[in-house]
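# Descriptive analysis of the structure
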Amino acid sequence: MPTDSVYLDYAATTPLDPAVALAMQRCAGEAGVLANASSIHREGRRAAVLVDDARQLLAELLNTDPGRLIWTSGATESDNLAIQGAARFRAHRGRHLVTMPTEHKAVLESFRALENEGFEVTWLRPGRDGRLDVAELEQVLREDTQLVSIMHVNNETGVIQDIEAIGALCRERDVLFHTDAAQSVGKLAVDLGSLPVDLLSLTAHKFYGPQGVGALYIADRPGCHVQPLMHGGGQEQRLRPGTLPVALIVGAGAAARMALQHREADMAHVTALRDRLWAGLAALDGVTRNGDTAHCYPGILNVGAEGVEGESLMLGLEPVCAASGSACNSLAGEPSFVLRALGRSDTEAQSAVRFSLGRMSTEKEVDIAIERYRWALEHLRSIAASP
Amino acid sequence: MTLIEPYNNEVLARFAKPIHAGDVEADYDSVLGADAKQAADGARIRLSAGIDAGRVVVLRFRAWGCPHLIAAADALCEEASGKMLEELAGWKAGALAERLAVPRSKAGLMFLLEDALRSIVAQSAQTE
C-alpha cells in the first residue's frame, strides 16, 4: 500500500497480519508443503496435517469441534452453500424461508435464486436502528419454515443482531438458523459452544488472514445438513469438493490464533479510535450516524452528511480509503440498499461513508480522516447548487 | 504498479480548485441564470451569466454531482466566458466530455450543461 494512503476500510478487507504472512511463506516456500492434502503419500499427509492444524485453530477461536468446519473460498461461498444447501436438503419438509433485505448480497442473491426455484421467502424489514425485532420473526415463522438467515454484524453499519435470541427461537421451532458472521468472527466473541447457531459463514480476510479462504460451520444436530453445490472430489466431508489451498488455510489458522490472542485488545483499540473519529465528525455541521449506536461493532462507523454527493465526497476524502456504501455496492454506483432498508432516502444513502478501523489503525490516521472529511464537506457545500 | 484512475488530471485539478464556481453579481447589462436537474440521481447544475452587449462576459456555476460534472461545469464556464451568445446557442458537450474522459454511463450529466446553457441563450433572446 502506498505510504500516503490512509486505510480505513477494514470491513472490506483487513491487511495481512505479518505473523500470518510468515506462516504462509513457510508453508508455500521451499521447505514447505508441495503436495495435495488429499494425497496419501507422506508429503500429502504432511499437507493434511497442516490443514487439520489450521482447522483446530479456527475451532478454538469459535469454541467448537473442528470436525464441524468446512473450508471454503470465503464467506460468499459459505453463504451460498449454507442457504441453498440447507434449503434444498430440507425442501421435502417445507419451502418457506426467512431473511432480511439488509443482508450481504451473497445472502440476498442466494435467497432470490431459491425464490426462482419455487421457495417462498419472507423478507423481514429492520427498524430504523437496523435491528430485527425478534417478536416479528416469531410472527412469521410457520410449520413449513425451514431456514432463517440473519447476519451477526452488518457490513455497512456495524449493527449487531441478537443472534442468541434469534437462534433460540429457531431451535424452539425446529427451524435451521444460519448467520453470516464475516464481520464478527475474530473481532467479537463467537462461542459456538453456547450460541444456538446451526450454520455460520466466515472468511479469513476480515480478521487479518488471506483472501480466498473461509469456512462454513455446520452444527451437529439432527436435520442440520446441506446439499453440496458442487460435485467433484470428496473433500471436506463430500460437501465442498476441490483441492484445498494449503497455504491459504495455514494463513487462516494463523489468523484465528492471532485473533484469539488479540481480540480483546483489538476491541479496546478500535473502540477508542471510533470514539475519536465520531467526536471529530459529529462536530461538523449536518453529519449524522447511520445505524444503532447501542448495539454496534465499534470497528465500523457509518456517517451521512447533508448537501453532498457521494462520489465527490469520496474523491474529496482521498488519500483516505473508506467505503461509499458497501464495497460490493460501490462499483455499481447505486445508493446503499442497506441504508435504504433503514429508511434513509436515496440522497441520504448515497452520501454515506463507511469508515472501518482495525488492529493497525492509528490516531494519526483518524485525525487525517476527520480533516479530509471536513475539507470535503466544506468544499462541496461551497459549490453546491441548492435543491 | 499502475492504477486505473477514474478521473484524468484535468478533472482532478478542476475538482480540487473549481475557480469558476459561484454566482455572478449584478454588474452587467443583464445577469441570467438557469437550472438543470437529472431526476434519476438528483444531480443538478446552476449556471449564471453576466452579459454585456450580447457577450457572455462571465459564466459561473454551482453543482451538486459527481467530480466529472463539477469539472465539466468549471471547464464550460472557462470556455464560454467572452463568447457571443449566438456562438453558444448550439454548444454541445461532446468534445468536453471526451477531453475529460467522462464515462459513457454519465453522458446524461453532460446534457445538464447543454440544457442550462441553452436556457440562458433563450432567456437572453427573450429579453432583447
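Residues numbered from 1 in each chain as written. Chains lettered and ligands numbered in written order. Predicted model: local features only at pLDDT ≥ 70, side-chain atom pairs only at ≥ 80, totals over all residues. Heavy atoms only, no water.

## Let's talk about the interface of chain A and chain B
Interface size is often expressed as the accessible area that is lost when the parts come together. The test is simple: The criterion used for residue contact is that any of the two residues' heavy atoms lie within 4.5 Å. Here the quantity called buried area is the total loss of accessible area, with a 1.4 Å probe, experienced by two parts when brought into contact, counted for both. Basic side-chain nitrogens of Lys or Arg form a salt bridge, by our definition, when they fall within 4 Å of a carboxyl oxygen of Asp or Glu.
In this complex, chain A contributes 18 residues to the contact, which on the side of chain B involves 17 residues. With both sides pooled, the region where chain A packs onto chain B buries about 1500 Å², and carbon together with sulfur makes up 64% of that total. There are 1 salt bridge connecting chain A and chain B. In this structure, glutamate 311 of chain A engages lysine 106 of chain B in a salt bridge whose closest nitrogen and oxygen atoms are separated by 2.7 Å.

## Points about the pattern of salt bridges
Residue and element names in this part refer to chain B. In plain terms, the rule: Counting from the N terminus, the helices are DSSP H or I runs at least four residues long and the strands are E runs at least two residues long. The buried label applies to any residue whose accessible area, calculated with a 1.4 Å probe on protein chains only, is under 20% of its type's maximum; exposed applies above 50%, and partly exposed to all values in between.
Counting across every chain of the model gives 31 salt bridges over all chains. Note that glutamate 79 is salt-bridged to arginine 99, the shortest N-O span being 3.2 Å. Residue glutamate 79 is found in helix H2 (residues 67-80), and its partner arginine 99 is found in helix H4 (residues 94-99); the two are separated by 20 residues along the sequence. For glutamate 79, a relative accessible area of 29% puts it in the partly exposed group. Residue class for arginine 99 comes out partly exposed when judged on its relative accessible area of 40%.

## Regarding the side chain of aspartate 17 of chain A
Quick note on the threshold: Under the rule applied, a polar contact is a pair of N or O atoms within 3.5 Å (in protein, one hydrogen donor and one hydrogen acceptor; residues adjacent in sequence only if both atoms are side-chain atoms).
With respect to the secondary-structure elements, aspartate 17 of chain A resides in the loop between strand S1 (6-7) and helix H1 (18-28). There is a polar contact of 2.9 Å between the side chain of aspartate 17 of chain A and the side chain of arginine 359 of chain A.

## A word on the confidence of the model for chain A
In plain terms, the rule: Every residue gets a pLDDT, meaning the predictor's confidence in that residue, from 0 to 100.
Summary statistics for chain A give a mean pLDDT of 94 and a share of 97% for residues scoring 70 or more. Per-residue pLDDT stays below 50 along residues 326-332 of chain A; that stretch engages in 13 contacts with residues further than four places along the chain or on separate chains.

## Focus: the environment of asparagine 63 of chain A
All names here are of chain A. Within the secondary structure, asparagine 63 is located in the loop between helix H2 (42-62) and strand S2 (69-72). A sequence separation of 36 residues divides asparagine 63 from threonine 99, and the C-alpha atoms of the two residues are 26 Å apart. Those residues in contact with asparagine 63, other than ones at most four positions away along the chain, are Asp191, Leu192 and Gly193. In terms of polar contacts, asparagine 63 uses its side chain to reach the side chain of aspartate 191, at 2.7 Å.

## Describing the sheet that holds strand S2 (residues 44-52) of chain B
Strand pairs in the sheet, formed through backbone hydrogen bonds, run parallel or antiparallel to each other. Residue and element names in this part refer to chain B. Keep this limit in mind: At least two bridges found by DSSP between two strands are what make those strands a pair. Axes, fitted as lines to C-alpha atoms, cover a helix only where it is in contact. Angles between the N-to-C directions of the axes lie from 0 to 180 degrees.
Spatially, the 3 strands line up as an open sheet ordered S1-S2-S3, and their pairing is antiparallel. Every other strand in the sheet has two partners, leaving strand S1 (30-37) and strand S3 (55-64) as the edge strands with one partner each. Strand after strand, the sheet turns through a mean of 15° between neighbouring axes, direction not considered. Pairing between S1 and S2: 8 bridges, direction antiparallel. By the bridge assignment, lysine 37 is partnered in S2 with arginine 44. Contacting S1, S2 and S3, helix H5 (residues 107-127) runs over the sheet at an angle of about 145° to S1.

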